[in-house]
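Observations on the model geometry
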Amino acid sequence: AQTIHQWPVAEIKAVGSPLSLGCTIKGKSSPNLYWYWQATGGTLQQLFYSITVGQVESVVQLNLSASRPKDDQFILSTEKLLLSHSGFYLCAWSLPRGQDTQYFGPGTRLLVL
Amino acid sequence: GDQVEQSPSALSLHEGTGSALRCNFTTTMRAVQWFRKNSRGSLINLFYLASGTKENGRLKSAFDSKERYSTLHIRDAQLEDSGTYFCAAEGGTNTGKLTFGDGTVLTVKP
């Protein structure tokens, strides 16, 4: 069975500090991977997607970056957090053929102060 | 860009009754997913449709790409159905980008 993990569960960070959020998918080879973000009271929106190791496409510019160092790992990061980065971050995966169900991880809640 | 208009924003039902949620799309979408938010804020998959209808228990969903809408019907609502439901549509790009509706808060009352 496929499992998707995200870490950390929650984080409180200072403005200007770096951030690294992780996502791991087990039990599925070469999945498509996605990062989504929801500001408090806002709508969930896609930030990045990746169809293979080392390849990441940006969908929305939020002064964040993403990387896929391994087939089953997706990292979201920034060197300098902004207050506006607060919110809920979700990682998702789908089958590599695309146009298929996306399955979401448990999420990471981020508060930037 | 693609937009998804979800209605109603809130819905109150008595146990045993039913109703429908609807999402309208401003452009042609290739597929739609329906989710329910869990207690942590993550999303539980309910349906994925590229066309037609699907049914699972007391839930039934339909998607009409040409008419640009999707519905989620709930029948015989139970207290445990209370929660927030989202639709998300996949547009014509190859990004797998889902555009989400704003959600419907469903409250089922005894």
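First things first, this report covers the structure right here in the doc.

The next subject is the state of the cysteines. Tallying each qualifying case throughout the model produces two disulfides over all chains. Disulfide partner of cysteine 23 of chain A: cysteine 91 of chain A, at an S-S distance of 1.9 Å. Judged by the sign of its S-S torsion, about -75 degrees, the cystine formed by cysteine 23 of chain A and cysteine 91 of chain A is left-handed. In this pair, cysteine 23 of chain A sits in strand E3 (residues 19–26) while cysteine 91 of chain A sits in strand E9 (residues 87–94), placing the two residues 68 residues apart along the sequence. Of the two residues, cysteine 23 of chain A and cysteine 91 of chain A, neither departs from the other in class, the shared state being buried. Paired by a disulfide, cysteine 23 of chain B and cysteine 87 of chain B hold their sulfur atoms 1.8 Å apart. Residues cysteine 23 of chain B and cysteine 87 of chain B share a disulfide whose torsion about the S-S bond is about -100 degrees; that sign makes it left-handed.

Bringing the interface of chain A and chain B into the picture now. Counting from both sides, the interface comprises 20 residues of chain A and, opposite them, 18 residues of chain B. If you look at where chain A meets chain B, you find zero salt bridges. Connecting chain A to chain B are ten residue pairs in polar contact (both at pLDDT 80 or more). Every element with two or more residues in the side of chain A that touches chain B is listed here: strand E4 (32–38), strand E5 (45–52), E9 and strand E10 (103–104) of chain A. Taken together, the residues of the side of chain A that touches chain B break down into eleven nonpolar, seven polar and two charged.

What counts and how
- Residues numbered from 1 in each chain as written.
- Chains lettered and ligands numbered in written order.
- Predicted model: local features only at pLDDT ≥ 70, side-chain atom pairs only at ≥ 80, totals over all residues.
- Heavy atoms only, no water.
- Disulfide = S-S within 2.5 Å.
- Helix = DSSP H or I, 4+ residues; strand = E, 2+ residues; numbered from the N terminus.
- Buried < 20%, exposed > 50% of the residue type's maximum accessible area, 1.4 Å probe, protein only.
- Contact = heavy atoms within 4.5 Å.
- Salt bridge = Lys/Arg side-chain N within 4 Å of Asp/Glu carboxyl O.
- Polar contact = N/O pair within 3.5 Å; in protein donor to acceptor, adjacent residues only side chain to side chain.
- Nonpolar A, V, L, I, M, F, W, Y, C, P; charged D, E, K, R; others polar.

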